[in-house]
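Letter by letter, the chains look like this.
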Amino acid sequence: MNKLYSQSLTSKLAAGLLLGVCVGLSPTPLHAHNRVALSNYSLETLITSEIPVKGKVIDATTNEPLIGCSVAIKGSKRGVNTDAKGNFALNVDEKATLVITFVGYERQEIAVNGRTQIEVSLKSTASDLEQVVVVGYGSTTKKDVTGSVKSLKSAEFNQGIINTPESLLQGKVSGVNVTSASGEPGGTQNITVRGPGGVRTGSTPLFVVDGMALDNSSTGGATNPLTFMNPQDIESIDVLKDASATAIYGSRGANGVILITTKKGKSGFSSLNYSASYGVSTMARPLNVFTADEYRKQVVALGGVLEDFKGNTDWQKEISRTAVTQNHNLSFGGGADKLTYYGSFGIQNQEGIIKNSQLNRYTGRLNVTQKLLKDRLTVDVNLNATQTYNERPPIESVLGSAISTNPTIPAYDANGNIYLYQSGTNPLLALKLEKDATTTTRILGNISPSLKITDHLTYKLNFGIDYSNAHRDLQSLANAIPQRDGRLESIDTWNSNRLIENYLTYNNSFGKDHTFSMLAGHSYQRFFLQGRGYSINKFAISDLEPIYNPGLGQELTLANNKPYGYATINELQSFFGRANYSYKDKYLLTATVRADGSSKFGANNKYGVFPSFSAGWRISEEEFMKGSAVSNLKLRAGWGRTGNQEIPSKITQARFTSVVSSTTSYPLDESSTYPAGTSYTRLANPDIQWEQSTQTDLGLDFAFLNGALSGTIDAFHKVSGDILLEVIPSDPVQPAGTFWTNVKDMTITNKGLELELNYRHSTKQGLTYEVGGNITFISNVVNKSPYSVIPSGSASGSGLTSATINGYVNGQPIGTFFLKEFIGLDDKGLSQYRDVDGDGIVTDKDRIAAGTALPNKQYNFFGRVSYKGFDLVANFNGVAGNKLYDNTANANFYKLRLSKGINTTPEAIALANESVNNSAPVSTRFLKDGAFLRLNNLALGYTFDTKKLGINEWISGLRLSVTGQNLFVITKYNGYDPEVNTDRTINGITSYGIDYLSYPKARTVVFGLNVTF
């Protein structure tokens, strides 16, 4: 503050005159409220100018900048938010006090005292207990959670080329197992929360994006339906694991719930961010097939007929490539007191490591929050639009031919054309002639007005629409050698999901010790799925592809090209409620109930009721814990019931047919003439009811050393009953061979123990490091199944088609491999199998339970270190206790094939005394250890000091990074990758742990740039 330079009477009179003019004697009088405000200032204060203050707000533990932190002048409405570097600047009185607040951190007040440069270190509340955790239909703080919930913020996500939200949290959450079924761009991801619990009802958790519950149905094509989300838009992912947390979603919470919250704008703060990355990918682990020289030697050694084309071709190399991925994202956000906004545009063009495979994604998002009616009405609008283009070659046939084709055959002839020969097909020819292309457009949006009726009562409406349509072309070009006609099949899919919810929330406190909240609401959701397709045959050889002119096809008959279609409508109506009570902020109680009605069930059991209860005791808040090294200790216990209705539509209704055949009609006399008519193919069953899962959870949250060392222990026991299953009727006189019902006594049990541990520390020299990890011990068992085995996985390949590999076996885990036991070779070099029942012959009755595809241990650990501008993070994940069935080796890598001139790996000749005439049926010979440890993610980054560079007025943040994905994997498995799950479903029952010509995983290096303006 600048004081008057002179204390003379003249200067004082001049100052008094100036004050008089300002208060009331000026030609343009001040507004009344300004006069009142000025009257509170002394003469000396009024004529004093403010000083500029700059500063930075950092985390006291990690020294990392806090972005969007509020810096306000005490006693004033003036203030700013920190930028992307944690910096702030504003003009203040030299005697002012700054108030610094940030969610999850302790409030701090700092007197300016004439300083122009201030650095603030905020301490997080113990173990981040004030961290906001999103739960169903609301949010709470971490300290008040009574269920098993894990929250991940964007800074904790996996880095690199990410296509779906599941990949962001892979290895980050105990009890959650994410398996990349293949290395294909946009490929499916299998995710389970505390193990699978159904037969025909799937195991995929419910995904909720900004309050909009998604449908797990395919949106068309062969890609993961969640590829529509831009990972850059996601602010946090919250995983609800136990029934006490998921029961608020009732019938859809049996497999867990994953809540995705996208980014929002912040008032008083605006920014523009551009990020770009360039990734290079190569095949991580090619199969060790014989080279041309090795092949020549081994075929001759076996006495086979060698057909030598004098070439030396690595076919895996020929069909693959060094793939490039480009990613560009532009986002902007900010707002004023009443309106905040966030918008983004993203482009990702990803090449697959197999030629002709790619995924192009274009996304746009706009999130807006508007406050009205003196802040009593808040309107949230979220809108996301995405278009993806996915192109796929015939992966199985291309890979199958690449690993088995004679390596002495040249890839190209002397003219540079694909080499053609009479005795087989060049693997490159399939890449040239076949195409599977899908374009999908998806729009997801919802509007959520929230009205504060009183200080304690709030009403909220949530109306959302999720709409997608996809066009898929399956094209086969005509060819001369080998000769074939062209074909085009086109498939169109429409998927519509509408949601409307109304609910009231009541919050109040009674005295100092009692806090109470209630939630009550209604939900209605309608799903509409439609698809139709047509095909045309006999295209001539032409430079014009059939997809651009289907009219060139010469065969369009109902016999070979009959159009087809389907349409399905499903509806859910729900009533839900929740009550929370807290006493002295130490004793916590939560009760939840949801009643769901589904159109999938019959009139007698259309509704199901799903309750849950949980309690928490914050032991660390007790008097006897004061002054101890324990900064947080909370005991949790919960019980709940959830349901599952992910079954085919209309199975409770009767079905008829007018088709005349030996299975749908019968002769009225002794002739073989089947008269026309209408008959049942399925009887109505209005008694089918919800599949139900009951889960008990006991958990302990703890933190020591002022939150530096923290962790969680959870023990859970989950039992799924009333299993929905398609069974064979006991009465042989039935119109259908099978029917759907609830198997009352059958149960599937998952139980286990989860442990998470994390330690972080910062030195005075500015070095910050953090280490942590989690491990899950889990067991799964099927009991009282009506069948000795329910097949779930079948084999592929010549001579193996439809052979059963694994399934549901009583007393064993889901995905148990039920196989003949290979015990070696006899004196003739032929395979021998154990005669389990001792009847002298080996049949299917001698199959044994030989292990399961489900791991009994899942573990993940990470390390993070930062110093000045540098930061390095490494993420590892692994599993143990599981087996894999190598269907690829079973179908391709045995001595008989090599003797016939088909290439193999050394595995085919591993048994020297094996006969070249020995066959390779499905057995434990090809059952392998599926355990692995993977360096999933390694990222090194440097954040520039833009102030030192002199560009801080234009660029507030600048960062460069390099990230490695899948840099190595330690495993005994000799296939492309141990993390596989080829879809070998039998009658809709999910398969597990089968590897058959799976798209190879890539090893990737990504270079990134992030600029904030």
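All figures in this text were calculated on a predicted structure; none of them were measured in a lab. (Residues numbered from 1 in each chain as written. Predicted model: local features only at pLDDT ≥ 70, side-chain atom pairs only at ≥ 80, totals over all residues. Heavy atoms only, no water.)

### Quick look at the sheet that holds strand 6 (residues 108-111)
The strands making up a sheet associate through hydrogen bonds between their backbones, and the pairing can be parallel or antiparallel.
Logical step 1: Strand order in the open sheet made by the four strands is 3-2-5-6, with antiparallel pairing throughout. Here the strands that pair on one side only, and so sit at the sheet edges, are strand 3 (79-81) and strand 6. Each adjacent strand pair in this sheet contributes to an overall mean axis angle of 20 degrees, direction not counted.
Logical step 2: Two elements, strand 5 (residues 97-101) and strand 6, share four bridges in a ladder whose sense is antiparallel. Bridged to V99 within strand 6 is E109. (Pairing = 2+ DSSP bridges. Helix = DSSP H or I, 4+ residues; strand = E, 2+ residues; numbered from the N terminus. Axes fitted to C-alpha atoms, helices over the stretch in contact; angles between N-to-C directions.)

### Here's the deal with the nonpolar core
One recurring pattern in soluble globular proteins: nonpolar side chains tend to sit buried together.
Logical step 1: V199, I319, M746, I805, Y808 and Y885 are the most contacted members of the largest nonpolar core, which totals 57 residues.
Logical step 2: Those elements that provide at least two residues to this core are helix 7 (315-319), helix 8 (395-404), helix 9 (427-433), strand 34 (723-727), strand 39 (804-809), strand 40 (816-819), strand 43 (848-852) and helix 11 (887-892).
Logical step 3: Other than its neighbours up to four places away in sequence, I319 contacts I353, I354, K355, V398, L399, A402, P427, L428 and L431.
Logical step 4: Core analysis: the second largest hydrophobic core is formed by 24 residues, I162, V178, L226 and I258 among them. (Core = buried A, V, L, I, M, F, W, Y, C linked by side-chain atoms within 4.5 Å. Buried < 20%, exposed > 50% of the residue type's maximum accessible area, 1.4 Å probe, protein only. Contact = heavy atoms within 4.5 Å.)

### Digging into the side chain of S720
Logical step 1: Its location among the elements puts S720 in strand 33 (residues 709-721).
Logical step 2: Here S720 falls in the buried class, since its relative accessible area comes to 1%.
Logical step 3: Within polar-contact distance, the side chain of S720 engages the backbone oxygen of G197 at 3.2 Å.
Logical step 4: Once residues within four sequence positions are removed from consideration, S720 is found in contact with G197, Q692, S693, M746, T747 and I748. (Polar contact = N/O pair within 3.5 Å; in protein donor to acceptor, adjacent residues only side chain to side chain.)

### Observations regarding the environment of L884
Logical step 1: Along the chain, L884 falls in strand 46 (residues 883-886).
Logical step 2: Sequence separation between L884 and N981 is 97 residues, and the spatial gap between their C-alpha atoms is 8.9 Å.
Logical step 3: Not counting residues within four places of it along the chain, the set of residues in contact with L884 comprises F817, F926, L927, K928, G930, Y973, P978, V980 and G993.

### Focus: the pattern of salt bridges
Logical step 1: With the rule as written, the count across this model stands at 40 salt bridges.
Logical step 2: Between E907 and K928 there is a salt bridge whose closest N-O contact spans 3.0 Å. Within this pair, whereas E907 is found in the loop between helix 12 (895-899) and strand 47 (927-929), its partner K928 is found in strand 47, the two being separated by 21 residues in sequence. (Salt bridge = Lys/Arg side-chain N within 4 Å of Asp/Glu carboxyl O.)

### A few points about the sheet that holds strand 47
Logical step 1: The strand order across the open sheet built from three strands is 47-46-50, with neighbouring strands paired in mixed fashion. On the outer flanks of this sheet lie strand 47 and strand 50 (994-995), each paired with one strand and no other.
Logical step 2: Strand direction decides the pairing type here: strand 46 and strand 50, joined by two bridges, are parallel. Within the sheet, the bridge partner assigned to Y885 lies in strand 50 and is I994.

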